[in-house]
Amino acid sequence: MFFEFGIKDIIDIFLVALMLYYVYRLMKESRSLNVFIGIMIFVVLWLIVSQILEMRLLGSIMDKLVSVGVIGLIVLFQEDIRKFLYNLGAHQRMRTLIKFFSSETGRGKEVDKESIMPVVLACLGMSKRKVGALIVMERATPLDDIVETGEAIDANISQRLIENIFFKNSPLHDGAMVISKKRIKAAGCILPVSHNFDIPKELGLRHRAAMGISQECDAVAIVVSEETGGISVAIKGELQLRLSGEKLESILTKEME
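The rules behind these values
Residues numbered from 1 in each chain as written. Predicted model: local features only at pLDDT ≥ 70, side-chain atom pairs only at ≥ 80, totals over all residues. Heavy atoms only, no water. Salt bridge = Lys/Arg side-chain N within 4 Å of Asp/Glu carboxyl O. Helix = DSSP H or I, 4+ residues; strand = E, 2+ residues; numbered from the N terminus. Buried < 20%, exposed > 50% of the residue type's maximum accessible area, 1.4 Å probe, protein only. Pairing = 2+ DSSP bridges. Axes fitted to C-alpha atoms, helices over the stretch in contact; angles between N-to-C directions. Contact = heavy atoms within 4.5 Å.

Visitor: Report on the pattern of salt bridges, specifying residues and quantitative values.
Guide: Across all of its chains, the model carries 6 salt bridges by this definition. Its salt-bridge partner being Lys185, residue Asp154 comes within 3.7 Å of it at the nearest N-O pair. Here the residue Asp154 occupies a position in strand β2 (residues 151-156), and Lys185 occupies one in strand β4 (residues 183-189), the gap between them amounting to 31 residues. Overall, the relative accessible area of 41% leaves Asp154 in the partly exposed class. Classification of Lys185 as partly exposed rests on a relative accessible area of 26%.

Next up, the structure:
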């Protein structure tokens, strides 16, 4: 039996292939590749039974399993689905489009510069004294749930205040500081820890926490190592190590626009 095959069918096949590719990547990154393969095998069997062989009884049972299984998969992979949707919205082209339609002005960028410098100077000071620190700077994604895990501060961004909070005898020095809307919102906050096996073993819990929060949202996480004094930044699940003050300032200026 011959059937018409036009440009619409080509687009349809391409979109399905693209969707399957991104789902495959998502499952591979979350170490659920075997689950994805199992689902694809089940879907192929379901199509053969219900559409080709037209087995009504077995087909109806598999139809019910598919309808219930979709809900089960959403519950099982809710974190991975949320991450996938976040990555889709945080795509560079999407961000460019949002910035195009936003009402940001040059004056706003100057204020951002003023709020960045105390952070850079504080990190340099702590780096020289090998004082460990973890600072999370909020961008588009709200960090209210992270703020609630720590002690509320809501103060102006100050180099001296940042250094005092991360002073070794301070009760808040072990947690993370959250900076939001040009204010120090909280300190001593608890962050999700990344379980990425690619993180070098010599890096400690602060670096894993910085990676963890940067994988879950668009925040910028700054780490000062207590062992080496090195300054690192985690953005979108990627670590940049051994940064100078100039490089840190450049990164923050670019990312916090």
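Visitor: Outline unusual backbone geometry, listing residues and values.
Guide: Leaving glycine aside, a negative phi is the common case for residues, and trans is the common case for peptide bonds. Phi at Lys236 is positive, roughly 55°, even though this residue is not glycine. Tracing the chain through its elements places Lys236 in the loop between β6 (231-235) and β7 (238-240). For Lys236, a relative accessible area of 41% gives the class partly exposed. If you check the backbone angles, Arg242 has positive phi at about 50° while not being a glycine. Within the secondary structure layout, Arg242 lies in the loop between β7 and α10 (245-255). Residue classification places Arg242 among the exposed positions, given a relative accessible area of 72%.

Visitor: Describe the pairing of strand β3 (residues 176-180), naming the residues involved and giving the relevant values.
Guide: Here β3 lies mainly inside the structure; 5 of its 5 residues are buried. As paired elements, β3 and β4 share 4 bridges and run antiparallel to each other. Bridge assignment links Ser180 to a residue of β4, and that residue is Arg183. The hairpin turn running from β3 into β4, its antiparallel successor, is 2 residues long, and Lys181 in that turn takes a positive phi close to 55°.

Visitor: Quick one: what's the story with the sheet that holds strand β5 (residues 220-224), residue by residue and with numbers?
Guide: Taking strand neighbours across the sheet as the criterion, the 7 strands line up as β2-β4-β3-β1-β5-β6-β7 in an open arrangement whose pairing is mixed. Of all the strands in the sheet, just β2 and β7 have a single pairing partner and so form its edges. On average, each strand axis in the sheet is tilted by 20° relative to the strand beside it, whichever way the strands run. Sheet topology places strand β1 (residues 133-137) next to β5; 5 bridges connect them, and they run antiparallel. What sits directly across from Met137, in β5, is Val220. Of the strands in this sheet, β1, β5, β6 and β7 are in contact with helix α9 (residues 205-216), which crosses β5 at around 175°.

Don't take any of this as a statement about function, it's just geometry.
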